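The lines below spell out each chain.
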Amino acid sequence: MKKEKKQKDNKYDTSKKTRRTFIGGQALLEGVMMRGQKSVALAVRAPDGEIEVKTERLKPASKASKVPILRGIISFVSSLVVGMKSLLKSAEIAMPDDEAPSKASTTFSVILGVILALGLFVGLPWFCGWAIEKWAHFDSRSTMIIVKSAVEGGSRLVLFVAYLAIVRLMPDIKRTFMYHGAEHRTINCYERGLPLTVENVQSCSTKHNRCGTTFLFFVVIFAILFYALLNWLLSLPAQDWVRNPFFTLALRLCLLPVIAGVSYELLRGLAMMPDNKFTNAIRAPGLVLQKLTTALPDDGMAEVAIAAFNAVLELDADDNKSTIEFYERDFQTERKILKERLKDEPQNADWIYSALLDKPRGELGGVRIIKIGYVKTARGYAEKLEAGEPLDYVLGNTDFCGIKINVDKRVLIPRFETEVLAAEAVKLINAKGDGAKALDICTGSGCIAAYIAKNSGCEVVAADVSEQALEVAGVNLKGLGVKLVRSNMFDNIDEKFDVIVSNPPYVRTADIDGLAPQVTAQPRLALDGGADGLHFYRIIADNAPKFLNDGGAVIVEVGYDQADAVKKLFEPLGACDIIKDLDGVDRIVVCKTKHIGD
């Protein structure tokens, strides 16, 4: 019962208006077109459930569009053209590729529909009047004119109402009429000064004073009056050719633009006039007929209408705002939405879009339009971040000393501290001179080995116990001449080196589970440094003498509180130094044998 009450249409009450707008609209296939003073927006529900929006700017109004009657004709023709284009565009989005008709067939159908409409609402009533004049017998000419005009006008009105009632029974047309109702409700909601929410829109009426149905009703009424006057004029003494059936039909067709212009002026005038018994009486028939051309929309249809209306409002208000095509989005809006979603670390939204668009973060402010594919990918990335996956894994790569390094859950994510280690290692290697050899033990992603290979002329061997890590390292080191070896520390190493560099696992076993989710999501093998975190440093200290050339050096990264302990382990090898990272933390331990530099 509650749902039925919500869907009940409200009584139309123009006294509730707090602001006026000349935005009008049209129902489309699974969508709504809204037309403002300077722009047009189409919103269509795509098969995947997304609301696709297309906007474009209208050409500036000509001087002729300000002339009464003539402006109505121009508006009528313009509405037909824009409406047909909008209908074609909506069909492209609303229907799957294998069901959507071609542009040519749709255009032909629309043209054929216009021709049939003219035949049904102009030609057939004319034929009825012509038949009355030709075959019926009347006592006087004036009686014949009255009867002929009454038959012609009455048949036109009956055909118009019957047509609307019949097509409403078709499921597809009924659904389009529901979108028509959503269009009216949205405009009414705005004019009442309410925020454009689905709940507010659904509380408004499906009827509106400026509806095209009311316009068509006025066209029918004025056609009855104009054609009755034409019948009288043609009955006056004149040449026989003036009363030729085809000439009289042609005259009716020529009068249609004038009738449309006059109907437009009446519709426009009534929309601007206050409510009173006179105006309400004139509006009433059109509002009643709208019961045939509108239906109660569902919430999803209201969302579509709101999207189209908001797009027009924004474009009309900002001459610098970019127009968008279907499957495009306003980038700054999507950027803001993603930041709000990732509110704990909003900068990640920028890093995501920077990676997707291949643009520096500082240039994102200049981006205006983005394809929906990027937006959907960004949403997927945000979902992974919310589940605790590290940003670098989500993006699939990270920056290390200006080098793009591929990373995933098979390897540890390189940290900024490790960049200091790599830079110091290169200094040691370059000081050794040509022919130097370096071993990167526990290479992981291969980031250190890659930096050494790119910034020195030495021979590099990269080793790791994890076959999966070596697969990632192989991608990052491709073409750099680095030799990859699967080895549990030094087990499969059979060469000597001038420099051994390593960022081994150094987190205490008991501390791992208490780390941030973004850290624990990384391979435990690359984190666990044993009970005191020094397990792998002992292995390096014990084996370095066997794998170092005379005058060689060992350089390792350590935990924030491990520098002194590691230095003590390495002191038997030679002179040891501690180097701070960029945050001033003791982070790097360097041990040089006493012959280095001789």
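Bear in mind the structure is a predicted one, so any value in this text is a computation, not a measurement. As a convention, each chain's residues are numbered from 1 in the sequence order in which they are written. Residues qualify for local features only when their pLDDT is at least 70, as the model is predicted, and side-chain atom pairs are given and counted only at 80 or more; totals for whole chains, interfaces and linings, by contrast, use all residues. The side-chain quantities take in all heavy atoms of the structure and omit both hydrogens and water.

A.B. asks: Explain the environment of Thr509 to me, and be specific about the residues and the numbers.
C.D. replies: Residue placement: Thr509 occurs in the loop between β12 (497-502) and α18 (517-520). Relative accessible area decides the class of each residue, using a 1.4 Å probe on protein chains only: under 20% of the type maximum gives buried, over 50% gives exposed, and in between gives partly exposed. Classification of Thr509 by relative accessible area gives partly exposed; the value is 31%. Along the backbone, Thr509 and Val219 are 290 residues apart, and their C-alpha atoms lie at a distance of 84 Å. With residues near it in sequence (within four places) discarded, Thr509 still touches Arg524, Asp528, Gly530 and Ala531. Think of it this way: any DSSP run of H or I at least four residues long counts as a helix, any run of E at least two long counts as a strand, and we number them from the N terminus. Between two residues, a contact is recorded if the distance between any of their heavy atoms is within 4.5 Å.

A.B. asks: Hey, could you go over the sheet that holds strand β4 (residues 51-57) for me, with residue numbers and the actual values?
C.D. replies: Strands were regarded as paired on the criterion that DSSP finds at least two bridges between them. The four strands lie next to each other as β1-β2-β3-β4, forming an open sheet whose pairing is antiparallel. Looking at which strands have only one partner, the edges of the open sheet turn out to be β1 (24-28) and β4. Averaged over all neighbouring strand pairs, the angle between strand axes comes to 15 degrees, with direction disregarded. Interaxial angle, 0 to 180 degrees, is taken between N-to-C directions of lines fitted to C-alpha atoms, where a helix line uses only the stretch in contact. Along the sheet, helix α2 (residues 70-94) makes contact with β1, β2 (31-35), β3 (39-45) and β4, crossing β3 at roughly 30 degrees. Its contacts with the sheet place helix α10 (residues 299-317) against β2, β3 and β4, and it is angled at close to 155 degrees to β3.

A.B. asks: Any details on a nonpolar patch on the surface? Residues and values, ideally.
C.D. replies: Together, Phe76, Val77, Leu80 and Val81 make up a nonpolar patch on the protein surface, roughly 320 Å² of accessible area in all. Judged by relative accessible area, which is 45%, Val77 ranks as partly exposed. Exposure above 30% relative accessible area and no salt bridge define the residues that can form patches, which grow by joining like charges within 9 Å and nonpolar side chains of Val, Leu, Ile, Met, Phe, Trp and Tyr within 5 Å. In these tables, accessible area is a Shrake-Rupley quantity obtained with a 1.4 Å probe, and a residue counts as shielded only by the protein chains included in the view. Any carboxyl oxygen of Asp or Glu that lies within 4 Å of a side-chain nitrogen of Lys or Arg is treated as forming a salt bridge with it.

A.B. asks: Outline unusual backbone geometry, supporting the account with residue identities and numerical values.
C.D. replies: At Asp358, a position not held by glycine, the phi torsion is positive, near 55 degrees. Along the polypeptide, Asp358 turns up in the loop between α12 (347-357) and β6 (369-371). A relative accessible area of 70% means that Asp358 is categorised as exposed. Notably, Cys442 is not glycine yet its phi reads approximately 60 degrees, a positive angle. Mapped onto the elements, Cys442 comes out in the loop between β9 (437-441) and α16 (447-455).

A.B. asks: For the confidence of the model for the protein, give the residues involved together with the corresponding values.
C.D. replies: A score between 0 and 100, pLDDT records how confident the predictor is in each residue. When the pLDDT values of the protein are averaged, the result is 87; 91% of them are 70 or greater. Counted against residues more than four places away or in other chains, residues 1-6, with its pLDDT under 50, gives two contacts. Confidence drops under pLDDT 50 across residues 11-15; counting only partners more than four residues distant or on other chains, this segment forms eleven contacts.

A.B. asks: Residues and numbers for the side chain of Ser205, please.
C.D. replies: Within the secondary structure, Ser205 is located in the loop between α6 (198-202) and α7 (212-235). We call two N or O atoms a polar contact when they sit within 3.5 Å, provided that within protein one can donate a hydrogen and the other can accept it, with sequence-adjacent residues counted only if both atoms are side-chain atoms. Within the structure, the side chain of Ser205 is placed 3.0 Å from the backbone nitrogen of Lys207, a separation counted as a polar contact.

A.B. asks: Describe in detail the pairing of strand β7 (residues 397-400), supporting the description with residues and values.
C.D. replies: Where β7 meets strand β8 (residues 403-406), four bridges bridge the pair, whose relative direction is antiparallel. Paired with Phe400 across the bridge in β8 is Ile403. What sits between β7 and β8 in their antiparallel hairpin is a turn of two residues, with Cys401 showing a positive phi close to 55 degrees.

A.B. asks: Go over the environment of Pro60 with me, naming the residues and quoting the values.
C.D. replies: When you line up the elements, Pro60 lands in the loop between β4 and α2. When the C-alpha positions of Pro60 and Gln37 are compared, they lie 9.1 Å apart, and in sequence the two are 23 residues distant.

A.B. asks: So, the nonpolar core: which residues are in play, and what are the values?
C.D. replies: In these notes, a set of buried Ala, Val, Leu, Ile, Met, Phe, Trp, Tyr and Cys residues joined through side-chain atoms within 4.5 Å is what counts as a nonpolar core. Ranked by internal contacts, the top residues of the largest apolar core, which has 37 residues, are Ile448, Ile452 and Ile555. For this core, the elements supplying multiple residues, two or more each, are β8, α15 (416-432), α16, β10 (459-464), α17 (467-476), β12, β13 (548-557) and β15 (586-592). The residues contacting Ile555, other than those within four sequence positions of it, are Leu421, Glu424, Ala425, Leu428, Val499, Ile500, Val501, Ser502, Ile588, Val589 and Val590.

A.B. asks: Pulling in residues and values, what's your account of the packing of aromatic side chains?
C.D. replies: Aromatic contacts are taken between Phe, Tyr and Trp rings whose centres are within 6.5 Å, Trp giving its six-membered ring; a plane angle under 30 degrees counts as stacked, one over 60 as edge-to-face, and the others as tilted. All told, the structure shown has five aromatic pairs when counted by the stated rule. Ring plane angle 80 degrees and centroid distance 5.0 Å describe the contact between Phe331 and Tyr353, whose orientation is recorded as edge-to-face. Here Phe331, found in helix α11 (residues 331-341), pairs with Tyr353, found in helix α12; they are 22 residues apart in sequence, far enough to count as distant. In this structure Tyr353 comes out as buried when scored by relative accessible area, which is 1%. Whether a charge sits over a ring comes down to the Lys NZ or Arg CZ being within 6 Å of the ring centre and within 35 degrees of the ring normal. Arg361 extends its terminal NZ or CZ atom over the ring of Trp351, reaching a point 5.1 Å from the ring centre. Above the ring of Phe497, the side-chain terminus of Lys437 is found at 5.4 Å from the ring centroid.

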